[in-house]
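Listed below, chain by chain, are the residues.
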Amino acid sequence: MQQKQLWFDTETTGTNEVKHDIIQLAALIVVDGEESDHIEIKCQPISYENIDPAALKVHGMDEHTLKSFM
């Protein structure tokens, strides 16, 4: 029987789930220890007012980069 795993990750504009927004969704599918497929979706935050500068530093992004996302 095949072993299938789904690894899922989100990146946000901070650590507060109420006021910070998702800016990236990513997923990796592994079948029998080998990468089968992956996806990465980047999106603009809903609010630019609540962005934690430390979060952007961790992601290596700036506000200009976020504004280039869909």
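For clarity, every value in this text was computed on a predicted model and none was experimentally measured.

Overview of the overall build of the chain
Here is step 1 of the chain: When helices and strands are counted, the chain shows 2 helices and 3 strands.
Here is step 2 of the chain: Ordered by position in the sequence, the α and β elements of the chain form the string β-β-β-α-α.
Here is step 3 of the chain: Here the C-alpha coordinates of the chain stretch approximately 50 × 25 × 20 Å along the principal axes.
Here is step 4 of the chain: Relative to its full complement of 70 residues, the chain shows a buried share of 26%.
Here is step 5 of the chain: Relative to all contacts within the chain whose residues are 6 or more apart in sequence, the contacts with residues 24 or more apart total 37%.
Here is step 6 of the chain: In the form shown here, the chain has an accessible surface area of approximately 5400 Å², with 54% of it arising from carbon and sulfur atoms.
Here is step 7 of the chain: Looking at the chain, you have 5 positive and 13 negative side-chain charges, and the mean spots of the two groups are 5 Å apart.

Quick look at the sheet that holds strand β1 (residues 4-12)
Here is step 1 of the chain: Strand order across the open sheet formed by 3 strands is β1-β2-β3, with antiparallel pairing between neighbours. Every interior strand has two partners, whereas the edge strands, β1 and β3 (34-42), have only one. The mean inter-strand angle of the sheet, taken between neighbouring strand axes irrespective of direction, is 10 degrees.
Here is step 2 of the chain: Sheet analysis places strand β2 (residues 22-31) next to β3, joined by 8 bridges and oriented antiparallel. By the bridge assignment for β3, V30 is matched with E35.

A look at the side chain of Q24
Here is step 1 of the chain: In this fold, Q24 is placed in strand β2.
Here is step 2 of the chain: Of the residues examined, Q24 reaches a relative accessible area of 12% and is grouped as buried.
Here is step 3 of the chain: A distance of 3.2 Å separates the side chain of Q24 from the side chain of E40, its partner in a polar contact.
Here is step 4 of the chain: Residues in contact with Q24, not counting those within four places in the same chain, are D9, T10, E11, E40, I41, K42 and M61.

About the criteria used
- Residues numbered from 1 in each chain as written.
- Predicted model: local features only at pLDDT ≥ 70, side-chain atom pairs only at ≥ 80, totals over all residues.
- Heavy atoms only, no water.
- Helix = DSSP H or I, 4+ residues; strand = E, 2+ residues; numbered from the N terminus.
- Buried < 20%, exposed > 50% of the residue type's maximum accessible area, 1.4 Å probe, protein only.
- Contact = heavy atoms within 4.5 Å.
- Areas by Shrake-Rupley, 256 points an atom, 1.4 Å probe, with all protein chains shown as cover.
- Lys, Arg positive; Asp, Glu negative; His and termini not counted.
- Charge placed at Lys NZ, Arg CZ, Asp CG, Glu CD.
- Pairing = 2+ DSSP bridges.
- Axes fitted to C-alpha atoms, helices over the stretch in contact; angles between N-to-C directions.
- Polar contact = N/O pair within 3.5 Å; in protein donor to acceptor, adjacent residues only side chain to side chain.

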